[in-house]
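# Notes for the structure review
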Amino acid sequence: MQSKETQHTDMLPLSGCRVLERSNTVAAAYAGRMLAALGAQVVMLEPPGGSSLRRAPPLIDDGESALFAYLAVGKRSLAADPDSASGRALLERELGAADILIDDTPLREREALDLTPEAVRRRFPDLVHVSVLPFGAAGPKADWDGEEINLLHAGGEGFLLPNGLSHELFPDRPPLKIYGHFGGYQGGAMAAFCALAAWWAVPAGGGQYVDVSVQDAVLSVGAFALQRLGDGSLEHRTSRRFRYGGVFEAQDGFIELLTLEDRQWSSLVELLGHPAWAADAGLRDPLERSRRGDEINGHIREWMARHPVEDIVRRAQELGVPAAKYRLPAEVIHGEQERARGLFAPAVLASGREAGILVAPFQFRCTPLPREGRVPPLDEMAQEAST
Amino acid sequence: MSQDYPHSPSPDSRPAQTPAQSQSPSRALRAPLAGVRIADFTIHAAGPFCTHLLSQLGAECIKIESLTRPDAFRKPHAVYGRMSAATFDQVSANKLSVRLNLKQPEAVALAKRIVALSDVAAESFRPGVMKRLGLSFDELCEARRDLVLLSLSSCGQSGPDSHFAGYAPLFGAWGGLGWMSGYSDGPPVEMRHVMDHAAGVHAALATMAALNQRRRTGQAQHVDLAAREVASAMIGDALVLASLGITPERPGNADLAMAPHGVYPTAQPDRWLTLAIRDDEQWRSLTRVLGQEDDDARYATASARVAHRADLDRLVTHWLATRDAESTAEQLQQAGVCAHVSWTMQDIASDPHLQARGAVTTVQAPGIPARLAVGAPARFGATDQVGIRRLTPALGQDEDYVFGELLGLDSAQRADLEARGVIL
């Protein structure tokens, strides 16, 4: 007879899927995190001192890593020293129990650990072995190393930011990265996606090795710029901007406004109260509007500065004008929409404190994802086994 | 033509000729998702990127549009200076195309028949549209009881904002990513296509989880992805802080633990070098490669360097002012330092590493001169059958296969449906 909890666990998308994660990078840890959110049993095999991510900023005031908390919630932790015989035996045991291995061990260290693709395949032919490295595991730069800022620029998006208002205000500043680990998250999501595709194919052909590169993933999500190059345009942050629309400062905050279609333009004119400048017959032509974008933005800025954000976005959405407030993290955490959808759930941190942590950026409407979570203390599995 | 498509190409189809097809036949296994079929109702960027990824891994993707409601790439896009339809559209590559005017009940019935033969249906309409069309999850499950339906939208299928429409910059604004990105003393920054496509990657991941779940349980699933929640997932660490009442900092190009860390000018105009110095050893390597002294006590430890970040940035900027970006990056990498040039798309297009990996690939087809595209999202050890197999489909080019072979409609029936605007 199964307990209620077990029955629930069996119904999750990845119930029964066992993942072994060796991660020092955000990309590999995020891959494991996504699989854990979907119900896989994810074991982080950490060095005796713990993953370096346990110390990665931003930190909570007691010194615990908020980044690690976000990345590790829902996983289990097992410590093993890969240089010791017992640590190697533990690695071997966990590999034998796993369906998927997520590994970001640098290439030069893999042979000594028997973690080359050939060595893993020989011992575990049905294992899906996913390598996640900054520049991938093959190619002339496979041994290059990179942090987020390097990889966002190696993949092309870094050079193209910021656009619009930020660039207009600070034209001489260096390009600007996206907050946090955007590139690493793309690499991790791509790794999790490819891991599940390879797992899907196991019955037909057994396990296989999958080589994921964070640089490739950044380029992949930035594919439109390569497409534009093929069309004859080399994009640049100075020119990659919407001709009108973009970021506006309202009375008490910032707004994003973007009208791409004719009907949205008409609605925008209504939102602005049918000002005299917008009655210009030439502005009925979208190409003319693009040509006179700076002039239009000047008028919109002047209007925005006189109105509160909430009034603007409420009325805009009523009229069908795509507009959104640039919300602060606290507003996201406490947002009505997020509450209604249960985007955040309480989780117990390694310190024992409770925080709200984002469950997953997708919902499974027939079998809801697990909401209870905890951040595993280092080596909790061994300690549980010994008590 | 790939072996993954179980039919002959129609005369106007455009099989891609990619380097992948000429690789060694020893890795002969089929692509991981060969045999998976997708009925694809998605439009614009985020949803089509999801199904494009699935198709790159071998899924057969049937794109359903109509002459009256064609996808965006088939129209001019003045905002981007494109004055006619795209001749190549990355996210529609690999897809088969059929026309169905979903305002007609008979077209809806045909769409359901395609869904009945598919493992996955994917849509990216505003919530409520599929139901109005008669294609709700429950109705589609009547056609295929173990269907995986992916619904990708701005704000999700539920909640008070579910009816809000938006584009990538709005997803970033709603989700908090836009606010957290920006110069510390500047306004928030708008996200571009990478935000759409990030939603698409997460949708592909969730769809694969649902397919694996279906194999185990035999049950249908409705995956509900809100693009703004993907934007929130990109600031998951900052949201942990916010939940504890802590206001997260907007760091710009700085890092809270690493310095130097940033984007620095070099000898060439608009040629920037990115640097991330993790520890003292890398700091010493940096100074050695740049031929500088490292005896300043202010920079002796990581915490000291972070504390004197602004001074350090000025110093590194001075050091790099006469350096060639690309050769300096190579020297630093050889010394174990995380460095890379801020690359333009032209740099990426000509990079041997990305080409060797197949991340950048050359595609061509009749009427389309050779051009670059983004190739397979990863390298699979057991197969070389992943990647782009054919280019942008002409509207309705695969109806012989889909309507004729799959649905069994004869030419008279199809002509009648066309005459009555069902197939349009």
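## Let's talk about the overall build of chain B
Looking only at helices and strands, one finds 17 helices and 12 strands in chain B. Its C-alpha atoms give chain B principal-axis dimensions of roughly 85 × 50 × 45 Å. Taking all 424 residues of chain B together, 64% fall into the buried category. Residue pairs at least 24 apart in sequence account for 70% of intrachain contacts in chain B once pairs closer than 6 positions are excluded. By element, 51% of the accessible surface of chain B is carried by carbon and sulfur atoms, the whole surface being about 14600 Å². Put simply, chain B has 41 plus and 46 minus side-chain charges, and the middle of one group is 5 Å from the middle of the other.

## Let's talk about empty space enclosed by the protein
As enumerated under the stated definition, the model contains two cavities of 30 Å³ or more in all. Taken as a whole, the largest cavity spans an internal volume of roughly 80 Å³. Broken down by secondary-structure element, the contributors of at least two residues to the lining of the largest cavity are α12 (223–230) of chain A together with α7 (193–217) of chain B. Broken down by class, the residue content of the lining of the largest cavity amounts to five nonpolar, two polar and four charged.

## A look at the packing of helix α9 (residues 182–200) of chain A against α7(B)
At a minimum axis distance of 9 Å, the contact between α9(A) and α7(B) shows a crossing angle of 25 degrees. Accordingly, the angle class assigned to the pair α9(A) and α7(B) is roughly parallel. By crossing handedness, the relation of α9(A) to α7(B) is classed as left-handed. Along the contact surface, α9(A) presents Phe182(A), Gln186(A), Ala189(A), Met190(A), Ala192(A), Phe193(A), Leu196(A), Ala197(A), Trp199(A) and Trp200(A), while α7(B) presents Val194(B), Ala198(B), Val201(B), His202(B), Ala204(B), Leu205(B), Met208(B), Ala209(B), Leu211(B), Asn212(B), Arg214(B) and Arg215(B).

## A closer look at the side chain of Arg33(A)
Residues and elements named next belong to chain A. Note that Arg33 resides in helix α2 (residues 26–37). Buried within the structure, Arg33 lacks any salt-bridge partner; Glu21 is the closest side chain of opposite charge, at an N-O distance of 9.1 Å. A distance of 2.5 Å separates a polar atom in the side chain of Arg33 from the backbone oxygen of Tyr70.

## A few points about the nonpolar core
Grouped together as the largest cluster of nonpolar side chains are 149 residues, with contacts concentrated most on Ile100(A), Val130(A), Phe193(A), Phe362(A) and Leu177(B). Top contributing element to this core by residue count: α9(A), with 14 residues. Membership of the second largest hydrophobic core comes to 42 residues, among which are Tyr299(B), Trp319(B), Leu320(B) and Ala325(B).

## What about the confidence of the model for chain A?
Summing up the model confidence of chain A, the mean pLDDT is 95 and the portion of residues at 70 or higher is 97%. Note that residues 1–7 of chain A has pLDDT below 50 and, in this model, two contacts with residues that lie over four places away or in other chains.

## Some remarks on the pattern of salt bridges
On inspection of all chains with the given rule, the structure shows 62 salt bridges over all chains. A salt bridge links Arg99(B) to Glu418(B); the nearest nitrogen and oxygen atoms lie 3.3 Å apart. Taken together, the residues Arg99(B) in strand β3 (residues 96–99) and Glu418(B) in helix α17 (residues 411–419) connect sequence positions 319 residues apart. With relative accessibility at 16%, the residue Arg99(B) sits in the buried group. According to the relative accessible area criterion, Glu418(B) is partly exposed, its value standing at 37%. Linked through salt bridges whose partners overlap, the residues forming this network are Asp280(A), Glu288(A), Arg291(A), Arg292(A) and Glu295(A).

## Considering the pairing of strand β3 (residues 76–79) of chain A
All names here are of chain A. For strand β2 (residues 41–46) and β3, the ladder comprises four bridges, and the chain directions are parallel. Counterpart to Met44 in the pairing with β3 is Ser77. As a crossover connection, the stretch from β2 through helix α3 (residues 66–72) into β3 is right-handed.

## Observations regarding unusual backbone geometry
The peptide bond linking Pro57(A) to Pro58(A) adopts the cis configuration, its omega dihedral lying at 5 degrees. Summarising the element assignment, Pro58(A) is placed in the loop between β2 and α3. Residue Leu161(A) is joined to Pro162(A) through a cis peptide bond whose omega torsion reads 0 degrees. Turning to its location among the elements, Pro162(A) is positioned in the loop between α7 (148–154) and α8 (164–169). One non-glycine residue, Asp270(B), lies in the positive phi region at around 55 degrees.

## Considering the sheet that holds strand β6 (residues 209–213) of chain A
Neighbouring strands of a sheet are bound in pairs by backbone hydrogen bonds; such pairs are parallel or else antiparallel. Ordered by their spatial adjacency, seven strands build an open sheet running β3(A)-β2(A)-β1(A)-β4(A)-β5(A)-β6(A)-β12(B), and the pairing between neighbours is mixed. On the outer flanks of this sheet lie β3 of chain A together with β12 (379–380) of chain B, each paired with one strand and no other. Across the sheet, α9(A) touches β4 (100–103), β5 (128–133) and β6 of chain A together with β12 of chain B, and the angle it forms with β5(A) is around 165 degrees.

## Some points on the packing of aromatic side chains
Residues and elements named next belong to chain A. Tallied over the full model, the rule gives 11 aromatic pairs over all chains. Ring centres 6.2 Å apart and planes at 90 degrees place the aromatic pair Tyr70 and Tyr185 in the edge-to-face group. Pair noted here: Tyr70 is in helix α3 and Tyr185 is in helix α9, with a separation of 115 residues, a long-range link. Like Tyr185, Tyr70 is buried.

## Let's talk about the environment of Ala370(B)
Residue and element names in this part refer to chain B. As for its position among the elements, Ala370 is in strand β11 (residues 368–374). The exposure class assigned to Ala370 is partly exposed, which follows from its relative accessible area of 49%. Each C-alpha atom of the pair Ala370 and Arg305 lies 49 Å from the other, and the pair is 65 residues apart in sequence.

## Some points on helix α12 (residues 309–320) of chain B
Here α12(B) spans 16 Å end to end across 12 residues, near enough to the 16 Å set by a 1.5 Å rise per residue. Against the buried residues of α12(B) lie β7 (261–265), β8 (272–276), α10 (280–289), α11 (302–307) and α13 (325–334) of chain B.

## Concerning the interface of chain B and chain A
In this assembly, 141 residues from chain B lie in contact with 140 residues from chain A. Between chain B and chain A, the buried area comes to about 12600 Å², and carbon and sulfur atoms account for 66% of it. At the junction of chain B and chain A, the tally comes to 12 salt bridges. Between Arg237(A) and Asp270(B) there is a salt bridge, with its nearest N and O atoms 2.8 Å apart.

## What about the pairing of strand β6 (residues 221–226) of chain B?
When you tally the buried positions in β6(B), you get six out of six residues, the bulk of the element. Alternating residues of β6(B) divide into Gln221(B), Val223(B) and Leu225(B) and His222(B), Asp224(B) and Ala226(B), and every residue in both groups is buried. Strand direction decides the pairing type here: strand β12 (residues 363–364) of chain A and β6(B), joined by two bridges, are antiparallel. Looking at β6(B), one finds that Gln363(A) is bridged to Asp224(B). Sheet analysis places strand β5 (residues 148–153) of chain B next to β6(B), joined by six bridges and oriented parallel. Its bridge partner lying in β6(B), Ser151(B) is registered against Asp224(B).

## Examining the environment of Ile100(A)
Residues and elements named next belong to chain A. Relative to the helices and strands, Ile100 is located in strand β4. You can call Ile100 buried: its relative accessible area is 0%. Separated by 99 residues in sequence, Ile100 and Trp199 place their C-alpha atoms 7.6 Å apart. Residue contacts for Ile100: discarding those within four places in its chain leaves Cys17, Arg18, Val19, Leu20, Leu127, Val128, Val130, Ala195, Leu196 and Trp199.

Thresholds applied
Residues numbered from 1 in each chain as written. Chains lettered and ligands numbered in written order. Predicted model: local features only at pLDDT ≥ 70, side-chain atom pairs only at ≥ 80, totals over all residues. Heavy atoms only, no water. Helix = DSSP H or I, 4+ residues; strand = E, 2+ residues; numbered from the N terminus. Buried < 20%, exposed > 50% of the residue type's maximum accessible area, 1.4 Å probe, protein only. Contact = heavy atoms within 4.5 Å. Areas by Shrake-Rupley, 256 points an atom, 1.4 Å probe, with all protein chains shown as cover. Lys, Arg positive; Asp, Glu negative; His and termini not counted. Charge placed at Lys NZ, Arg CZ, Asp CG, Glu CD. 1 Å grid on protein atoms, 1.4 Å probe; cavity = no way out; pocket = protein on both sides within 12 Å on 5 of 7 lines; lining within 4 Å. Points joined across faces, edges and corners; volume = space filled by probe spheres on them. Nonpolar A, V, L, I, M, F, W, Y, C, P; charged D, E, K, R; others polar. Axes fitted to C-alpha atoms, helices over the stretch in contact; angles between N-to-C directions. Parallel < 35°, antiparallel > 145°, perpendicular 65-115°, else oblique. Left-handed = near helix turned anticlockwise from the far one by under 90°. Salt bridge = Lys/Arg side-chain N within 4 Å of Asp/Glu carboxyl O. Polar contact = N/O pair within 3.5 Å; in protein donor to acceptor, adjacent residues only side chain to side chain. Core = buried A, V, L, I, M, F, W, Y, C linked by side-chain atoms within 4.5 Å. pLDDT = per-residue confidence, 0-100. Pairing = 2+ DSSP bridges. Right-handed = clockwise from strand over helix to strand, strands pointing away. Phe/Tyr/Trp six-rings, centres within 6.5 Å; stacked < 30°, edge-to-face > 60°. Expected span 1.5 Å × (residues − 1). Buried area = accessible area lost by both parts, 1.4 Å probe.

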